Amino acid sequence: MKKYLRVLCLLSLIITIALVYSMQNNSQQKTVKSEYIDTICEAVKTMDFTVKEPKMDITAEEDMLYKEAYLKILKNQISISKEHNFSGYYQDLKNAGIPFEELLAKKSVNEFPYLLYYDDLDGDGKPELGINQGYMYILDYELGDKEFNVLYSRDSKVFEKIFGSGQIWCHYKIWDDTITIDEYDLLNRGTYWDRTVLELQQRTEQLQNRYFVETSLYRQFEISEESWKEITKPFFKAAKHEIPQKTLEEVFGELLKDN
């Protein structure tokens, strides 16, 4: 009997120790989770979502030279630099390459896929050409070069708009629209595109909303609705802005008369 009681006491002690350890471990995990959430939320709060308005810093003569070059690109007369895994000509870009004759015939059409971005799209003071014909591409040409670069490409199902110089909003849904994803693509001219520096996810599960955030430095983590509203407000406010798109005629004007 005494031996049996000693065994029970020993088992009770082991269970008590295990419970205490489990409680301490859970407490530590909650503390680590809370600290991580605070860290990632603070990281988003420190991001600067101020809209960077394009500022062209070129002469009228240079502007004309850029436009002449971009016209040649659309006519497949200037090839793509192979620096960033693209090759060939404009006509070889995936879901792009509308024949110039068609573009010319639609020069005044103010709708997809005939609209263009022509502005300082990367923050260098010089014009880039943005085309969205199924894929969104930003094309970059430097005066005097024999080739052009593809700075950026995203599927049109993902791309939403260029809302500032070097600032792009991507927005899409997956899993039968139960997950909404918003991405902030940012340009760092010195090291090519940084691409997605912020990803926001809203998930609907059993009629409840869950919120997740991820940055280029921190892995995805779930946060509260209150924190979500606080840290995402500046981004969604900035994303309401948009750099205007233009028709082919608005971009190239008199240059089209010779084509």
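Source: prediction; values computed, not measured.

(A) Region of interest: the overall build of the chain. Assigned secondary structure in the chain consists of 5 helices and 11 strands. Taken over 259 residues, the chain has a buried fraction of 42%. Accessible surface, the chain: about 15300 Å² in total, of which carbon and sulfur atoms supply 51%.

(B) Highlighting the nonpolar core. Counting residues in hydrophobic clusters, the biggest one holds 30 residues, and the most contacted among them are Tyr-90, Leu-93, Leu-129, Ile-131, Leu-139 and Phe-252. For this core, the secondary structure elements donating two or more residues are α2 (60-74), α3 (100-105), β2 (116-119), β3 (128-132), β4 (135-140), β5 (147-155) and α5 (248-252). The element that contributes the greatest number of residues to this core is α2, accounting for 6 residues. Sequence-distant contacts of Leu-93, defined by excluding residues within four places in its chain, comprise Ile-80, Phe-86, Ile-131, Tyr-137, Leu-139 and Val-150. Grouped together as the second largest cluster of nonpolar side chains are 21 residues, Tyr-36, Ile-40, Phe-49 and Phe-221 included.

(C) A look at the pairing of β5. Taking burial as the measure, the 9 residues of β5 include 7 buried ones, the bulk of the element. In sequence, β4 turns back onto β5 through a hairpin of 6 residues, with Gly-144 there showing a positive phi of about 95 degrees.

(D) Geometry of the pattern of salt bridges. What the rule picks out here adds up to 9 salt bridges. Between Glu-222 and Arg-210 there is a salt bridge whose closest N-O contact spans 2.7 Å. Here Glu-222, found in strand β11 (residues 221-223), pairs with Arg-210, found in strand β10 (residues 208-215); they are 12 residues apart in sequence, far enough to count as distant. Given a relative accessible area of 29%, Arg-210 falls into the partly exposed group. For the salt bridge of Glu-225 with Lys-229, the shortest nitrogen-to-oxygen distance reads 3.5 Å. Remark: Lys-229 and Glu-225 occur in helix α4 (residues 225-238); sequence separation between them is 4 residues, near one turn of the helix. Salt bridges here are not isolated pairs; linked through shared partners, they connect Arg-154, Glu-183 and Asp-185.

(E) Fine view of the packing of aromatic side chains. As enumerated under the stated definition, the model contains 11 aromatic pairs in all. On the basis of an interplanar angle of 65 degrees and a centroid distance of 5.6 Å, the ring pair of Phe-49 and Phe-235 is categorised as edge-to-face. Here Phe-235 lies in helix α4 and Phe-49 lies in the loop between α1 (2-45) and α2, a separation of 186 residues in the sequence. Aromatic pair Tyr-70 and Tyr-141: ring centres 6.4 Å apart, planes at 75 degrees, arrangement edge-to-face. Here Tyr-70 is found in helix α2, whereas its partner Tyr-141 is found in the loop between β4 and β5, with 71 residues between them in sequence. By relative accessible area, which is 8% here, Tyr-141 ends up buried. These aromatic residues form a ring-pair network of at least three members: Phe-49, Phe-163, Tyr-184, Phe-235 and Phe-236. Seen from the ring of Phe-100, Lys-75 lies directly overhead, with NZ or CZ sitting 5.5 Å from the centre. Just above the ring of Phe-212 sits the side chain of Arg-203; from NZ or CZ to the centre is 3.7 Å.

(F) Local environment of the sheet that holds β2. Here 5 strands make up an open sheet; going across it, the order is β1-β5-β4-β3-β2 and the pairing mixed. At either margin of the open sheet sits one strand with a lone partner, and together these are β1 (79-80) and β2. In this sheet, β3 lies alongside β2 in antiparallel orientation, the contact comprising 4 bridges. Note that in β3 the partner of Asp-119 across the bridge is Glu-128.

Conventions used here
- Residues numbered from 1 in each chain as written.
- Predicted model: local features only at pLDDT ≥ 70, side-chain atom pairs only at ≥ 80, totals over all residues.
- Heavy atoms only, no water.
- Helix = DSSP H or I, 4+ residues; strand = E, 2+ residues; numbered from the N terminus.
- Buried < 20%, exposed > 50% of the residue type's maximum accessible area, 1.4 Å probe, protein only.
- Areas by Shrake-Rupley, 256 points an atom, 1.4 Å probe, with all protein chains shown as cover.
- Core = buried A, V, L, I, M, F, W, Y, C linked by side-chain atoms within 4.5 Å.
- Contact = heavy atoms within 4.5 Å.
- Pairing = 2+ DSSP bridges.
- Salt bridge = Lys/Arg side-chain N within 4 Å of Asp/Glu carboxyl O.
- Phe/Tyr/Trp six-rings, centres within 6.5 Å; stacked < 30°, edge-to-face > 60°.
- Lys NZ or Arg CZ within 6 Å of the ring centre and 35° of its normal.

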